[in-house]
Amino acid sequence: MKYASLPFTVLVLLCQVASATPDQDAVWLGGLKAAYFGDRAITESDDVVELDAPIRAENAALVPVSIKAKLPQSGDRYIKTVYLIVDKNPGALVGKFNFTPKSGRADLELRIRVNAYTPVRAVAEMSDGELHMSRRFVKASGGCSAPAGTDMDAAMARLGKMKLKTAEELTEGEPNLVQLMVSHPNFNGMQMDQVTRLYRPAHFVRQVRVSFEGEEIFSAETTIGVSENPNFRFYFVPDSEGELTAEVIDTNDLKFTHSSGVSFASSTKGLAQN
Amino acid sequence: MTKLRSRHDAVHTGRTPCATRWPWLACLVVLMSSNAGASQCEPATPVFELAEGVFVRTGKTAIVFEDTEVANVGFIVGERCVAVIDSGGSVEEGAALRCAIERKAPSIPVCYVINSHVHPDHVFGNLAFKAPGVEFIGHKNLPRAMSILGGVFLERAQAQAGRALAADYLVVPERTVEDELRLDLGGRVLLLKAHPSAHTDHDLSIFDDKTATLWLADLLFMDHVPVLDASIGGWIAALTELRGQEVRHVVPGHGPLDGSWPCALDDLLRYLSVVRDETRDAIARGDSLRSAQERVGRSESARWQLFDEYHQRNVARAFSELEWED
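Residues numbered from 1 in each chain as written. Chains lettered and ligands numbered in written order. Predicted model: local features only at pLDDT ≥ 70, side-chain atom pairs only at ≥ 80, totals over all residues. Heavy atoms only, no water.

Engineer: Just to check I follow, could you spell out the overall build of chain B for this structure?
Structural biologist: For chain B, the count of helices and strands is eight helices and 12 strands. Each of the 326 residues in chain B was classed as buried or not, and the buried ones make up 63%. Counting contacts in chain B only where the partners sit at least 6 residues apart, residues at least 24 apart contribute 68% of the total. Accessible surface, chain B: about 11,900 Å² in total, of which carbon and sulfur atoms supply 53%. (Helix = DSSP H or I, 4+ residues; strand = E, 2+ residues; numbered from the N terminus. Buried < 20%, exposed > 50% of the residue type's maximum accessible area, 1.4 Å probe, protein only. Contact = heavy atoms within 4.5 Å. Areas by Shrake-Rupley, 256 points an atom, 1.4 Å probe, with all protein chains shown as cover.)

Pasting the structure below:
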């Protein structure tokens, strides 16, 4: 469509200009920051946590992001919570992710929905209350209304199924990687049925708690910003062999639990640290 | 965006039956398209008669909404009825296809519009055919796909092409195919087959018994990198099964019309197998999705057009399917 290419080009140019100016903080400074953090001071740097996200997301409904901690989770000062925020998503807060000294390392990888050309922020709250923020800009569009994959029957048939994966041989007393997979469509209430003109009711995972031998190592309060089939990679420090347990609650108050034993010479499939 | 139609004959080396395509077909397309018919309808889209009564408008290798006429679409003419197979990416494209039908088959009515799947380059021309007596037909899951994805496509038409489209752009099929459906056009019968999840979760293929033409739509990509929406395992299974069928002509959803059977499937099958196998390896190694997207299938990059636009998305889709395998 020849007449369409000019406005499109203009749009692209406008977006490129916007990304090079402080205007990309407009939503953040225009109320988002105050809504979540009031007038608290936030230090912007990659010294505490570093956010990594693709500059251009090919599938906006499934954007892999990672948060790397630069400090160890020592008992006296550690990263307590990471807020993940996508400024221009309809609900900006993707989730609050809580770590403990038992996490060993407050690293996190997950897949999120991104609805526009937008800044994405990881704000780390330290155990002493300090706030540190890492920020990246992601170009994606339409991730909130589009399902990531469209094999609907397979997705619904697996609802609530979970997997917990760890490395083949856990190292005692050191941070070890865990992956939690939850099969859930995470309907966000934004997918309009063009035939009935009704929105599909929201139905998504809202709470995740993972413990090792009864002690919490990771928890999260999540929103529609998390992609379908929520998938989290994080760390924990085992000081004995034992059982990992994940409990997941969704917005229909369906509760799913799953446990997996880990040992220091476990035969489960390995996870690479990348 | 590229409009090149470069051939990838190199990938067929050593496989004699698969080595040739017919460049003279391109000349025929030009000849056919200059053929003026009885109708005064304007403009008529150029179509190529691949086999007796089987007409195809070939698409460009380009991005949906950033260009027009992206998919291969067309129609099959019987003694009594015309069946349209995919209507194009806009009501204008649909209207130009309708003009082509009036010229090639001036006295035969369009009875059916068959929608191969939901993607806008294939079905956004539907409205041009909506009339009493015209039946829209799709896979049993097509109405659901239109419900869920229709809004997204309308948004993208606005955002990417500046086209504000109303919801009636989505003409929902009144007749759906559970397994198979036979359509008698008079003197020829079309066999419509509803496939399990492959390219999408609602792919329909069409076989014309008279000319042994298999219209695969987006179950087959040639030259244009495949786009995976539903199931990589399902797609490989569908192609493997189709490979055994007796076919004289094959129509891909994207790519040239001179593919020989079954060699036309080979590049796609190789791509899907490479992506499936390397994604499984990445999952077994414990790679993250991000790292798999950067590593899987790189050997395919020079073999396809639009690779950078769709490949990483395909890997993400394959990864999120295969990580649930036991």
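Now that the structure has been shown, the text picks up again.
Engineer: Is there a simple way to think about helix H5 (residues 232-242) of chain B in this case?
Structural biologist: What sets the pattern is the α-helix's 3.6 residues per turn: residues three or four places apart point alike. Within the span of H5(B), buried status applies to Ile232(B), Gly234(B), Trp235(B), Ile236(B), Ala238(B), Leu239(B) and Leu242(B). Lining the buried residues of H5(B) we find strand S11 (213-221), helix H6 (266-285) and helix H8 (307-322) of chain B.

Engineer: Got a minute to help me understand the pattern of salt bridges in this structure?
Structural biologist: Charged atoms that come close allow side chains of opposite charge to pair. Residues and elements named next belong to chain B. All chains considered together, the criterion is met by 37 salt bridges over all chains. Between Arg-313 and Asp-229 there is a salt bridge, with the nearest N and O atoms lying 3.1 Å from each other. Here Asp-229 lies in the loop between S11 and H5 and Arg-313 lies in helix H8, a separation of 84 residues in the sequence. Here Arg-313 and Asp-229 have matching classes, each one buried. (Salt bridge = Lys/Arg side-chain N within 4 Å of Asp/Glu carboxyl O.)

Engineer: I tried to follow empty space enclosed by the protein on my own but got confused; where do I start?
Structural biologist: In this approach the atoms are scanned with a rolling probe the size of a water molecule, which exposes any empty space left behind. Residue and element names in this part refer to chain B. With the rule as written, the count across this model stands at five cavities of 30 Å³ or more. Of the voids in this model, the largest cavity is the one considered here, and its volume is about 80 Å³. As for the largest cavity, its lining consists of 13 residues, of which Phe-65, Asp-67, Thr-68, Gly-89 and Glu-93 are closest to the centre. Tallied by class, residues from the lining of the largest cavity come to five nonpolar, three polar and five charged. (1 Å grid on protein atoms, 1.4 Å probe; cavity = no way out; pocket = protein on both sides within 12 Å on 5 of 7 lines; lining within 4 Å. Points joined across faces, edges and corners; volume = space filled by probe spheres on them. Nonpolar A, V, L, I, M, F, W, Y, C, P; charged D, E, K, R; others polar.)

Engineer: Would you explain the state of the cysteines in this entry?
Structural biologist: The term disulfide refers to a covalent linkage connecting the sulfur atoms of a pair of cysteines. Residues and elements named next belong to chain B. Applying the stated criterion to the full structure yields two disulfides over all chains. Each disulfide pairs two cysteine sulfurs, and for Cys-41 the partner residue is Cys-99, the sulfurs being separated by 1.7 Å. Here the S-S torsion is close to -60°, and the disulfide linking Cys-41 with Cys-99 is therefore left-handed. Of the two residues, Cys-41 sits in the loop between helix H1 (24-33) and strand S1 (48-51) while Cys-99 sits in helix H2 (residues 91-104), which places them 58 residues apart along the sequence. No difference in accessibility class separates Cys-41 from Cys-99, as the two residues are buried. Between the sulfur atoms of Cys-81 and its disulfide partner Cys-111 the distance amounts to 1.9 Å. Here the S-S torsion is close to -75°, and the disulfide linking Cys-81 with Cys-111 is therefore left-handed. Taken as a pair, Cys-81 in the loop between strand S3 (73-77) and strand S4 (82-85) and Cys-111 in strand S5 (residues 110-114) lie far apart in primary sequence, 30 residues in all. Across the pair, Cys-111 and Cys-81 agree in class, each one buried. (Disulfide = S-S within 2.5 Å.)

Engineer: I'm lost on the pairing of strand S9 (residues 162-166) of chain A in this one. Help?
Structural biologist: Here is the key point about a regular strand: its side chains alternate between the two faces of the sheet. Residue and element names in this part refer to chain A. Burial of S9 is extensive: five of the five residues sit out of reach of the surface. Going residue by residue along S9, you find Met-162, Leu-164 and Thr-166 tucked away on one face and Lys-163 and Lys-165 tucked away on the opposite face as well. As judged from the five bridges shared by S9 and strand S10 (residues 176-182), these two strands associate in the antiparallel manner. Counted as the bridge partner of Thr-166 is Val-178 from S10. (Pairing = 2+ DSSP bridges.)

Engineer: Sorry, what's going on with the side chain of Asn115(B) here?
Structural biologist: Residues and elements named next belong to chain B. The topology assignment puts Asn-115 in the loop between S5 and helix H3 (120-123). The class for Asn-115 is buried, based on a relative accessible area of 0%. What Asn-115 contacts, discounting residues up to four positions off in sequence, is Asp-86, Val-123, Asn-126, Ile-137, Gly-138, Leu-142, Met-146, Val-171 and Leu-204.

Engineer: Honestly, the packing of aromatic side chains in this entry has me stumped. Any pointers?
Structural biologist: Residue and element names in this part refer to chain A. Scanning the entire structure with this criterion turns up 14 aromatic pairs over all chains. Here the aromatic rings of Phe-97 and Phe-232 are separated by 6.2 Å at their centres, their planes lie at 55°, and the arrangement is tilted. Residue Phe-97 is found in strand S5 (residues 93-99), and its partner Phe-232 is found in strand S13 (residues 231-236); the two are separated by 135 residues along the sequence. Take Phe-97: its relative accessible area is 0%, and that puts it in the buried class. Assessed through its relative accessible area of 0%, Phe-232 is described here as buried. (Phe/Tyr/Trp six-rings, centres within 6.5 Å; stacked < 30°, edge-to-face > 60°.)

Engineer: Looking at this structure, how should I read the side chain of Arg111(A)?
Structural biologist: Along the chain, the position of Arg111(A) falls in strand S6 (residues 108-112). With residues up to four places along the chain from it excluded, the contact list for Arg111(A) reads Leu62(A), Val63(A), Pro64(A), Gln179(A), Val226(A), Ser227(A), Asn231(A), Leu289(B), Phe319(B), Ser320(B) and Glu323(B).

Engineer: Explain the confidence of the model for chain B here, please?
Structural biologist: Detailed reading of predicted coordinates is not advised where the pLDDT is low. Residue and element names in this part refer to chain B. Averaged over all residues, the pLDDT of chain B is 89; the fraction at 70 or higher stands at 88%. Confidence drops under pLDDT 50 across residues 1-16; counting only partners more than four residues distant or on other chains, this segment forms 41 contacts. Throughout residues 29-37 the model reports pLDDT below 50, and contacts reaching past four residues in sequence, or to other chains, amount to nine contacts. As a predicted assembly, this complex carries a pTM of 0.85 together with an ipTM value of 0.80. (pLDDT = per-residue confidence, 0-100.)

Engineer: Would you take a moment to explain the environment of Val275(B) for this structure?
Structural biologist: All names here are of chain B. Mapped onto the fold, Val-275 is located in helix H6. Note on Val-275: relative accessible area 1%, which makes it buried. Separated by 25 residues in sequence, Val-275 and Glu-300 place their C-alpha atoms 9.0 Å apart. With near-sequence residues (within four places) excluded, Val-275 lies in contact with Ile-232, Val-296, His-311 and Ala-318.

Engineer: Which parts of the structure should I look at to understand the nonpolar core?
Structural biologist: The nonpolar side chains of a soluble globular protein tend to be buried, and buried together. In terms of nonpolar packing, the biggest core is built from 52 residues, with Leu84(A), Leu110(A), Ile112(A), Leu180(A), Phe218(A) and Phe232(A) touching the most fellow members. Excluding anything up to four places from it in sequence, Phe232(A) contacts Phe97(A), Leu108(A), Glu109(A), Leu110(A), Val178(A), Gln179(A), Leu180(A), Val208(A), Phe218(A), Thr222(A) and Val226(A). In this structure, Ile63(B), Val225(B), Leu239(B) and Phe319(B) belong to the second largest nonpolar core, which totals 43 residues. (Core = buried A, V, L, I, M, F, W, Y, C linked by side-chain atoms within 4.5 Å.)

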